[in-house]
Amino acid sequence: NTLCTTWAVDMAAANNHLEVIKWLFNHRRELIGHKNICTGNAMDMAAENGNLMVVMFLHQNKVFSKNAIRIAKENGQRHIVDWFTKNVKMYRKYGI
């Protein structure tokens, strides 16, 4: 079910379990070819916890959040803020 899979991706992102996220993206029918079904929660949680490799993977798979850069900044995740401003066009204007 989509809700359970989205929750699993969110929790894996929050806890820096990149291999679990990759497995879900490759094996769950509701995600295959529809990566954008994931909410921005996964990106927000990965940014909040400083999980750069997860942030990068989610971005590559078209999972977006307008709040992730703010959440990263509020939680002292400077490396995430730096990566966003260098690599994600919508965040370049922030120059935080």
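Here, the structure is the one placed above.
Cut-offs used in this document
Residues numbered from 1 in each chain as written. Predicted model: local features only at pLDDT ≥ 70, side-chain atom pairs only at ≥ 80, totals over all residues. Heavy atoms only, no water. Helix = DSSP H or I, 4+ residues; strand = E, 2+ residues; numbered from the N terminus. Buried < 20%, exposed > 50% of the residue type's maximum accessible area, 1.4 Å probe, protein only. Areas by Shrake-Rupley, 256 points an atom, 1.4 Å probe, with all protein chains shown as cover. Axes fitted to C-alpha atoms, helices over the stretch in contact; angles between N-to-C directions. Parallel < 35°, antiparallel > 145°, perpendicular 65-115°, else oblique. Left-handed = near helix turned anticlockwise from the far one by under 90°. Contact = heavy atoms within 4.5 Å. Salt bridge = Lys/Arg side-chain N within 4 Å of Asp/Glu carboxyl O.

## What to know about the overall build of the protein chain
What the protein chain contains, in helices and strands, is six helices and zero strands. Moving toward the C terminus, one meets the helices and strands of the protein chain in the order α-α-α-α-α-α. Per-residue burial over the protein chain gives 44% buried out of 96 residues. Of the roughly 5600 Å² of accessible surface on the protein chain, 53% is carried by carbon and sulfur atoms.

## Digging into the packing of helix α3 (residues 41–48) against helix α4 (residues 52–60)
Look at α3 against α4: their axes get within 8 Å of each other, and the N-to-C directions meet at 155°. Overall, the two elements α3 and α4 adopt an arrangement that is roughly antiparallel. α3 and α4 meet at a crossing whose hand is left-handed. Each of A42, M43, A46 and A47 in α3 lies in contact with α4, whose residues at this interface are V54, V55, L58 and H59.

## Observations concerning unusual backbone geometry
Non-glycine residue N16 carries a positive phi angle of around 60°. Tracing the backbone shows N16 in the loop between α1 (2–14) and α2 (18–27). Residue class for N16 comes out partly exposed when judged on its relative accessible area of 42%.

## Quick word on the pattern of salt bridges
One pass over the structure, following the stated rule, counts three salt bridges. A salt bridge links E19 to K22; its shortest N-O distance comes to 3.8 Å. Linking E19 with K22, this pair stays in helix α2, spanning three residues, or about one helical turn. What makes E19 exposed here is its relative accessible area of 58%. Close ionic contact of E74 with R70 constitutes a salt bridge, the shortest N to O distance being 3.1 Å. One end of the pair is E74 and the other is R70, both in helix α5 (residues 68–74) and four residues apart, which spans about a single turn. Take R70: its relative accessible area is 40%, and that puts it in the partly exposed class.

## Quick look at the environment of T5
For T5, the position within the fold is in helix α1. Exposure remark for T5: the relative accessible area of 3% places this residue in the buried category. As for T5 and L24, which are separated by 19 residues in sequence, their C-alpha atoms are 7.5 Å apart.

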